[in-house]
Amino acid sequence: MVILKSLVALVSVLGAAFAQSIAYTDEGITFQGIVDPVHNVTYGFVFPPTTETDEAQEFIGEIITPVVNEWVGLAFGGQMADNLLLVLWPNGDEIMYSPRWATGYVQPIVYGGPTITTISSTVNSTHWKTIFRCQNCTTWTNGDFDTNGGPVFAWVISLTAVFDPDDVNTDFNEHDDFGFWGEITSDAHSNDYDTYLTGGGSTTTVPPSSSTSTTTTTSPTSTTTTPVASATPYDYIIVGAGPGGLITADRLSEAGKSVILLERGGPSSGSTGGTDVPPWANGTNLTRFDIPGEFQAMFGTSGPTYWFCKDINTFAGCLIGGGSSINGALYWYPTDWDFSTDAGWPSSWTNHAPYTQMLMERLPSTDNPSPDGVRYLEQTMPIMQSLLDPMGFSQITLNDNVDFKDHAYGYSAYNFQGGMRYGPVATYLETASTRSNFRLETYTLVSSVARNGSTITGVQTNNTAIGPNGFIPLNPNGRVILSAGSFGTPRILFQSGIGPSDMISLVQQNAAAAPFLPPESDFIDLPVGSNVQDNPSIDLMFTHPSINAYDNWADIWDDPPAADAAQYMQAQTGVFASSSPKVNFWRALSGPDGITRYYQGTVRPGFDSVTTAYPYNASQVFSITVYLSTGTTSRGRIGLTSSALGAGALTNPWFQDPVDQTVLITGLQEIIDAVPNVPGLTLITPDNTTTLTDYVQTYPTSALGSNHWIGSCSINQVVDENTKVLNTDNLFIVDASIVPSLMTGNPQGAIMSMAEQAVAKIQALAGGP
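Residues numbered from 1 in each chain as written. Predicted model: local features only at pLDDT ≥ 70, side-chain atom pairs only at ≥ 80, totals over all residues. Heavy atoms only, no water.

A.B. asks: Explain the packing of helix H3 (residues 243-254) against helix H13 (residues 748-764) here, please?
C.D. replies: In a packed pair of helices, the relevant descriptors are the angle between the two axes and the axis-to-axis distance. Where H3 meets H13, the closest approach of the two axes is 9 Å, and the angle between their N-to-C directions is 40°. The pairing of H3 with H13 is recorded here as oblique in orientation. Read as a crossing pair, H3 and H13 show a hand that is right-handed. When H3 is examined against H13, the residues Pro 243, Gly 244, Ile 247, Thr 248, Arg 251 and Leu 252 are found in contact with a partner set consisting of Met 752, Ala 755, Glu 756, Val 759 and Gln 763. Looking at side-chain class alone, the contact of H3 with H13 contains 6 nonpolar, 3 polar and 2 charged residues. (Axes fitted to C-alpha atoms, helices over the stretch in contact; angles between N-to-C directions. Helix = DSSP H or I, 4+ residues; strand = E, 2+ residues; numbered from the N terminus. Parallel < 35°, antiparallel > 145°, perpendicular 65-115°, else oblique. Left-handed = near helix turned anticlockwise from the far one by under 90°. Contact = heavy atoms within 4.5 Å. Nonpolar A, V, L, I, M, F, W, Y, C, P; charged D, E, K, R; others polar.)

Here you go:
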């Protein structure tokens, strides 16, 4: 339940940017409140007369929310730490209230003092609602809020239920979204307060309009809350709005098919309705997902990371665009090897060129992303020239010669355009959104596909507003395409009775998920979750007097260099028109097993962390991250970590084959051996207290991966050459999980080319809508 850490500073800056409560009447009680327009939750309050002394520290509150919101929280001091928090959730037909307290951004503990009683409540198939009395709720340890003014309140919502709904002391995962508003308590006092405590009257007026704006991390989407008697069927149901889902949805809707795209998270860029704008960009629609230079702030330095899936134990993007909205946007056109039979692809996939060309036409790369043509923070390039040229490397424009990946280096290539993050959101989603046969639903979590034997009839979701009990059906001959990612797609398959028996057994132990499983006779045993790869990666840290480490990107969210912020605001040029990587290079090495493995280097100013016995100047640090890629032989397994159905790595995919580690150490040693060729260049990590071999062998597992997970639903093992799940009639997968082995570089370019080819094969396959 992490809310914003620096609310006081934000209030002073934003002021009137916060929505203000207005009056409305429900069940005869006149409240002051708002309706959050994103999640359609009503928050209302009424206070006793200002002359009242016995009831001075209490209020009557109201919450009305769609059932998709499993729990709702309030922070009466506007932030999480050192303020009274209140968490509410339904438990059967009753509402549970849990006052909480946190001294930091950790699991809040139960807080004693408040007394909360229900005045009225309802729980039905579409909404839950409570009107409650909260005594001793306006003051807390060393704090209070102004009951006769305009304090800022904060709300949070979660799409995931608390761990134990029966227990008011239960723990719960971090929320999915949050926002703020100005509660005009001075207008919320009523002389009828004591009457309201007995149940009020019967008059009801329209609550505050959902057009009322709140300051929130997201913005209105296409999701509605009006329950429907029967759901609309579709030709194609696509699950997941990452690169695979967006490209597939665009191409299918372009072909005239009726398409619904379901995304479990919310908006990202301003064009999708996102409003998570850095403080220095207030007054624009430039969100953190639009501004390339905010990449380094994606990992917790700027507050809550609501865009990461909370039930997957690695970085997985739960928002429109998926990983393409939060990564560094390194963008490499695929090599021929990436789609070769040696890489595990069927022969029908080897001619990727037409599909890669389609991608390039929609989304060209650039290695000079600032629209003014100037390169910024590029001090690492002269250093790498001096380091790599004597080793026999050639400097090239990397995406102009994509198959030259041995002893090649150049400026980093991105999918930025016009100084902004571009990617599939600004291209494929943009065109799909103009079509009447395309529909996007956000905050809609698909748990399973509904099956009649081998035939898929629809999908089961948490969104009861678009189908009875959350079910969305297919048209005759319709198809479901899973694009939920290397962790999300396997979990949906497990919950649909597809996969290894140990995973399905965990689903059977989950009381909520088990009823949606098909009969055991219809279970399909496939190696879902196996064959997984991710690039093992090791950081080398250096200093050089010419480097500008950019204060290690520390204040880019709330206090970047003023001149750089102003330059970007004026014309989207400068430092913020690019992310932190600046140079990339590749090298092929032969291992003792006779297999050729490639490594990729990524160079950027600044660092994640430095462990060294050497004194160093932090303003001069840069890092080289070396990834093992093509030819890597180690494999792991992902799956459900328990019957709670969280997803994670069951067997880590790094260095399972010791030859992978040996080859990577060889590559690292080559780089280290070349350091004396560069005057002023100093290696600080690893230092002289360890050997390179020990450094690699003791490297923290938490830092060893690259978050380039592929293979969990590999083609030829889980899906056929048309990406159809084996032993099903109309279930397909188009995401990184079908990729059978590591790509030569960062995978998003190859994944998007794969999606172009996959959707063409799906459309060409007979028997569809």
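A.B. asks: Is there a simple way to think about the nonpolar core in this case?
C.D. replies: Grouped together as the largest cluster of nonpolar side chains are 78 residues, with contacts concentrated most on Ile 237, Trp 345, Val 480, Leu 482, Leu 493, Leu 731 and Met 754. With 8 residues, H13 is the largest single contributor of residues to this core. Not counting residues up to four positions away in its chain, the partners in contact with Ile 237 are Ile 260, Leu 262, Gly 458, Val 459, Ile 472, Pro 473, Leu 474, Arg 479, Val 480 and Ile 481. Counting residues in each nonpolar core, the second largest holds 49 residues, with Cys 318, Phe 393, Ile 671 and Ala 674 among its members. (Core = buried A, V, L, I, M, F, W, Y, C linked by side-chain atoms within 4.5 Å. Buried < 20%, exposed > 50% of the residue type's maximum accessible area, 1.4 Å probe, protein only.)

A.B. asks: What is the right way to look at the side chain of Ser 579 in this model?
C.D. replies: As for its position among the elements, Ser 579 is in the loop between helix H9 (562-571) and strand E28 (583-590). Within the local environment of Ser 579, its side chain forms a polar contact with the backbone oxygen of Gly 328, the two atoms lying 2.7 Å apart. For Ser 579, the residues in contact, after removing those within four places along its chain, are Pro 292, Phe 295, Gly 328, Tyr 414 and Phe 416. (Polar contact = N/O pair within 3.5 Å; in protein donor to acceptor, adjacent residues only side chain to side chain.)

A.B. asks: Mind showing me how you'd approach the pattern of salt bridges here?
C.D. replies: When the charged atoms of two side chains with opposite charge come close together, those side chains can pair. The tally for this structure, following the rule as stated, stands at 19 salt bridges. Glu 756 is paired through a salt bridge with Arg 251; the nearest N and O atoms lie 2.7 Å apart. Separated by 505 residues along the polypeptide, Glu 756 in helix H13 and Arg 251 in helix H3 bring together distant segments of the chain. Pair check on accessibility: Glu 756 and Arg 251 agree, each one buried. Three or more residues joined by partner-sharing salt bridges are found here, namely Asp 26, Glu 27, Glu 62 and Lys 129. (Salt bridge = Lys/Arg side-chain N within 4 Å of Asp/Glu carboxyl O.)

A.B. asks: Just checking my understanding: could you explain the environment of Thr 633 for this structure?
C.D. replies: Relative to the helices and strands, Thr 633 is located in the loop between strand E30 (621-628) and strand E31 (637-640). For the pair Thr 633 and Phe 655, spaced 22 residues apart in the sequence, the C-alpha separation amounts to 8.5 Å. Non-local contacts of Thr 633, meaning those with residues more than four positions away in its chain, are made with Gln 533, Ile 595, Arg 597, Asp 657 and Asp 660. For Thr 633, the side chain forms a polar contact with the side chain of Arg 597, separated by 3.1 Å. Side-chain polar atoms of Thr 633 contact the side chain of Asp 657, separated by 2.6 Å.

A.B. asks: Can you help me understand the sheet that holds strand E20 (residues 408-411) in this one?
C.D. replies: Each strand in a sheet pairs with another by means of backbone hydrogen bonds, the pair being arranged parallel or else antiparallel. Across the sheet, which stays open at both edges, the 7 strands sit in the order E19-E20-E28-E29-E30-E27-E33 with mixed pairing between neighbours. The two strands at the open ends of the sheet, each matched to only one other strand, are strand E19 (394-395) and strand E33 (682-685). Here strand E27 (residues 537-543) pairs with E33 via 3 bridges, running antiparallel. Bridge pairing in E33 places Phe 542 opposite Leu 683. Lying on the sheet, helix H10 (residues 658-673) is in contact with E27, E28, strand E29 (596-605), E30 and E33; it crosses E30 at an angle near 145°. (Pairing = 2+ DSSP bridges.)

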